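Structure assessment
Now for the letters of each chain:
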Amino acid sequence: MATFLYKIGRLAFRRRHFAALIWVALLTLAGVGAASAPVAGSSSFSIPGTEAQKAFDLLESRFQGMSADGATARVVFKAPAGEKMADKNNKATVQKAVKVLGTGSEVTSVADPFKAHAVSKDGSVAYASVRYEVSGMELKDASKDALNAAAQDARDAGLTVEVGGDALQATPETGSSEIIGIAIAAVVLVITFGSLLSAGLPLLTALIGVGIGVSTITALASVLDLGSTTSTLAMMIGLAVGIDYALFIVSRYRAELAEGREREEAAGRAVGTAGSAVVFAGLTVVIALVGLSVVNIPMLTKMGVAAAGTVAIAVLIALTLIPALLGYAGRRVQPAGKKSRLFGGGRAAKKEGRPNMGARWASFVVRRPLAVLLLGVIGLGAAAVPAASLELGLPDDGSQPVSTTQRRAYDLLSDGFGPGFNGPLMVVVDAKASDDPKGAVTRVADEVKDLKNVVSVSPATYNKAGDTAMITVIPDAKPSSVKTEDLVHSIRDAGGEIRTDTDSTVLVTGSTAMNIDFSQKLNDALIPYLALVVGLAFLLLIVVFRSILVPLKAALGFLLSVMAALGAVVAVFQWGWLSGLMGVEETGPIMSMMPIFMVGVVFGLAMDYEVFLVTRMREAYVHGEKPGQAIVTGFKHGARVVTAAAVIMMAVFAGFIGSSESMIKMIGFGLAIAVFFDAFVVRMALVPAVLALLGKKAWWLPRWLDRALPNVDVEGEGLRALDGGAQDGDDVKKLVGV
């Protein structure tokens, strides 16, 4: 591996024009494709195999032209203080708005609130339901403009009017904090390298990689049904790993220059050694992201595969474009320890003397490993305590900022009709096999009325054949409450008895039931997913480190960091701690996909630091150093760069906390705090403490497994043999069979 990558690094350095041209051409091609492609909206949402999805599919087939997944809007009207919606002028204004809304080319139906009994008991609030024939992402701008115009005309007539539903769903905005995150990354790189040019290379290559990845996603968004969230997450992860991977290559290149090597040779060795770590670190991230497909939720699979593609591009750019740009930079990239003229007058590197901060910290941990281990585990355990109160759900209009019309419509409906009105349940009765379809539907309606937590049950709506019916059930609690979830299960339990007696099938669907099924499916998939991802990465790390205990320690440390991160997410987004600082306007359940998404992404990123830091320790160990000294040597060469990489990744992720979409905000915070816990507590404290306690046992590997495993040579031992660095082959033997 190291020898192969060494050759690639030298080739890219020598043929820099060709390498740069290829990446510029790819960026241009992706940019042209993105510019000519339609704008992405929110991707279609389906959960194969769930009852809610089966009900949607049944409605599509039995109610022709209904468009069960079509966009919906609720235009909510509120009368001025002291007036009623039934007053002559107010009623005329509403009916005029309904008439205008019904003329839309994509509108399938509009319900007059006075005919549909959609007026609150106190008479102050009414709503008109609008249904479209296409989904929210396919809705034309003209239809959205017509909806806004109708609402504005009613406002001008003196009513308070807000619009809820997915018809006006907007593309999320990340805000200026994303730019601040990149600026922080730039500052960290300048401090790390002491040179603007050296600092600029990782930023430039990361932006090129993200540009290619996100542009490709945008170009394929319409064809593959990729939503705007997909590109945002790909940008978030691609930017973070892109900067980090390039940082490690450039840092190793400067270290090779400091050892007196020629620039082309230094580029080859940097790619051969640090590049090997980049490849395996990237592989763990890709495995974790692609592994999301085992959940069998198309939206989550697409998000994972798209982000994995961006990570793969970041790896390829680090291996090929970075050495090419180093060739262009020439002598302007200084050896490690030497400052540029701007940041230190071009002074030479300091001679070996006092150990750097990384070496001093490692020495401290090696002397007191048990105390450091206990303190770190207790601290992470305390941070993880809130995770025991984790409540899962999906965001709805109630989680939107109060400045949005969707949120104001949600609040008006809750005030006028009760909290459960925003989460109606749709009960679908398939009575095709029943001898008395209408009798079966009547029994379903009667039994549902008698259940707890039910406010109202609407009259059944039949299809043309009369063998399938829809019944709308209004709960007495908000959509994300435990009461509503219990009601869904109660209806489904009652449906089992009804099926036995009447040969009819009862299915519960609607956005609320879909969210419940979604959360349940993610919970069921978490353990299999964790076993798959951790298992594959564990095998990969055994190959990399040729050890059993080191990969096991890495996996256990990851579990600690991800649980602590989930605890922090619960504390902020569910309990409301520091919610004002994070811009969280509404606390509530944690997004259903958050745990499984964090497991996948954080595991991949955690292994980055594990590979980069521990390969340096193993490199020192196989070259003859004692276990304790090898830990110190690993920190001496890797701690500064790993610290910089972690701060950069935290800054990039934290930049997405400013997003207007709660899901992106939550993921940005969760990943940023997870990187903090994993890099600075697990990898910087627990890892050296455990390795110090294990000593030589940390690098133990059964002989039979040692013979069976391929030698991937992440440490670059083959490069030492190339220039005569290994005199008698003892180092090679030690590397292969420790």
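Structural data are supplied above this passage.
Throughout what follows, the structure given in this document is the object of discussion.

Calculation notes
Residues numbered from 1 in each chain as written. Predicted model: local features only at pLDDT ≥ 70, side-chain atom pairs only at ≥ 80, totals over all residues. Heavy atoms only, no water. Helix = DSSP H or I, 4+ residues; strand = E, 2+ residues; numbered from the N terminus. Rg over C-alpha atoms; globule rule 2.2 N^0.38 Å. Contact = heavy atoms within 4.5 Å. Areas by Shrake-Rupley, 256 points an atom, 1.4 Å probe, with all protein chains shown as cover. Phe/Tyr/Trp six-rings, centres within 6.5 Å; stacked < 30°, edge-to-face > 60°. Lys NZ or Arg CZ within 6 Å of the ring centre and 35° of its normal. 1 Å grid on protein atoms, 1.4 Å probe; cavity = no way out; pocket = protein on both sides within 12 Å on 5 of 7 lines; lining within 4 Å. Points joined across faces, edges and corners; volume = space filled by probe spheres on them. Nonpolar A, V, L, I, M, F, W, Y, C, P; charged D, E, K, R; others polar. Buried < 20%, exposed > 50% of the residue type's maximum accessible area, 1.4 Å probe, protein only. Axes fitted to C-alpha atoms, helices over the stretch in contact; angles between N-to-C directions. Parallel < 35°, antiparallel > 145°, perpendicular 65-115°, else oblique. Left-handed = near helix turned anticlockwise from the far one by under 90°. Pairing = 2+ DSSP bridges. Salt bridge = Lys/Arg side-chain N within 4 Å of Asp/Glu carboxyl O.

Turning our attention to the overall build of the protein. In terms of helices and strands, the protein carries 25 helices and 11 strands. Its C-alpha radius of gyration of 30 Å places the protein within 12% of the 27 Å reference for a compact globule of 738 residues. Considering only residue pairs separated by 6 or more positions, the protein has 79% of its internal contacts joining residues 24 or more positions apart. With an accessible surface of roughly 30,900 Å², the protein has 60% of that area assigned to carbon and sulfur atoms.

Applying the stated criterion to the full structure yields 9 aromatic pairs. Relative to Phe417, the ring of Tyr127 lies with its centre 5.4 Å away and its plane at 85°, an arrangement referred to as edge-to-face. Here the residue Tyr127 occupies a position in strand 3 (residues 125–132), and Phe417 occupies one in helix 14 (residues 405–417), the gap between them amounting to 290 residues. Ring-pair connections join several aromatic residues into one group, and the members of that group are Tyr127, Phe417 and Phe421. One residue, Arg74, lies across the ring of Tyr127, its end atom 5.2 Å from the ring centre. The ring of Phe114 is capped by Lys91, whose NZ or CZ atom sits 5.2 Å from the centre of that ring.

Before going further, it helps to examine empty space enclosed by the protein. Here the structure, examined in full by the defined rule, presents 3 cavities of 30 Å³ or more. Breaking the lining of the largest cavity down by element, the ones donating at least two residues are helix 20 (594–622) and helix 21 (627–654). Among the elements that line the lining of the largest cavity, the one with the most residues is helix 21, at 3 residues. The class makeup of the residues in the lining of the largest cavity is 8 nonpolar, 1 polar and no charged.

What follows covers the environment of Val24. Secondary-structure assignment places Val24 in helix 2 (residues 16–36). Residue classification places Val24 among the partly exposed positions, given a relative accessible area of 49%. Residues Val24 and Ile208, spaced 184 residues apart in sequence, show a C-alpha to C-alpha distance of 8.4 Å.

Turning to the environment of Asp476, a few remarks are in order. Tracing the sequence through the fold places Asp476 in the loop between strand 9 (468–475) and helix 16 (482–502). Asp476 gets classed as partly exposed once you look at its relative accessible area, which sits at 34%. Setting aside chain neighbours within four positions, we find Asp476 in contact with Pro419, Gly420, Asn453, Val455 and Lys483.

Time to look at the packing of helix 2 against helix 10 (residues 298–329). Running from amino to carboxyl end, helix 2 crosses helix 10 at an angle of 135°, the nearest separation of the two axes being 9 Å. Viewed along their axes, helix 2 and helix 10 adopt a mutual orientation that is oblique. Read as a crossing pair, helix 2 and helix 10 show a hand that is left-handed. Residues Arg16, His17, Ala19, Ala20 and Trp23 of helix 2 pack against Ile313, Leu316, Ile317, Thr320, Leu321, Ala324, Gly327 and Tyr328 of helix 10.

Moving on, we get to the side chain of Asp517. Secondary-structure assignment places Asp517 in helix 17 (residues 511–545). By relative accessible area, which is 8% here, Asp517 ends up buried. Look past the residues within four positions of Asp517 in its chain and what remains in contact with it is Thr50, Glu51, Ala52 and Arg492.

The element strand 3 is extensively covered by neighbouring structure, given that 6 of its 8 residues are classed as buried. Here strand 1 (residues 72–78) runs beside strand 3; their pairing, made up of 7 bridges, is antiparallel. Bridging from a neighbouring strand, Phe77 pairs with Ala126 of strand 3. Pairing of strand 2 (residues 107–110) with strand 3 involves 3 bridges; the strand directions are antiparallel. Bridge pairing in strand 3 places Val110 opposite Val130.

Further remarks concern unusual backbone geometry. Located in the positive-phi region is Asn453, a residue other than glycine, with phi close to 70°. The backbone of Arg546 sits at a positive phi, close to 50°, despite the residue not being glycine. As for its position among the elements, Arg546 is in the loop between helix 17 and helix 18 (549–574).

Let's shift gears to the sheet that holds strand 4 (residues 160–165). Across the sheet, 4 strands lie side by side as 2-3-1-4; this open sheet has antiparallel pairing. Each having just a single partner strand, strand 2 and strand 4 make up the two edges of the open sheet. Each strand of the sheet is rotated relative to its neighbour by a mean of 20°, with strand direction disregarded. Running at roughly 155° to strand 4, helix 5 (residues 141–156) makes contact with strand 1, strand 3 and strand 4 of the sheet.

Our focus in this paragraph is the pattern of salt bridges. Applying the stated rule across the entire model yields 19 salt bridges. Put simply, Asp501 and Arg443 hold a salt bridge, and the shortest N to O gap is 2.9 Å. With Asp501 in helix 16 and Arg443 in helix 15 (residues 437–449), this residue pair connects regions lying 58 residues apart in the sequence. In this structure, the salt-bridge partner of Glu610 is Arg683, at a minimum N-O distance of 2.6 Å. Pair noted here: Glu610 is in helix 20 and Arg683 is in helix 22 (residues 662–694), with a separation of 73 residues, a long-range link. With respect to class, Glu610 is no different from Arg683; both count as buried. A cluster of three or more residues bridged by salt bridges with shared partners is formed by Arg10, Arg14, Glu264, Glu265 and Arg269.

So, to be careful, I would describe these as geometric facts and stop short of saying anything about function.
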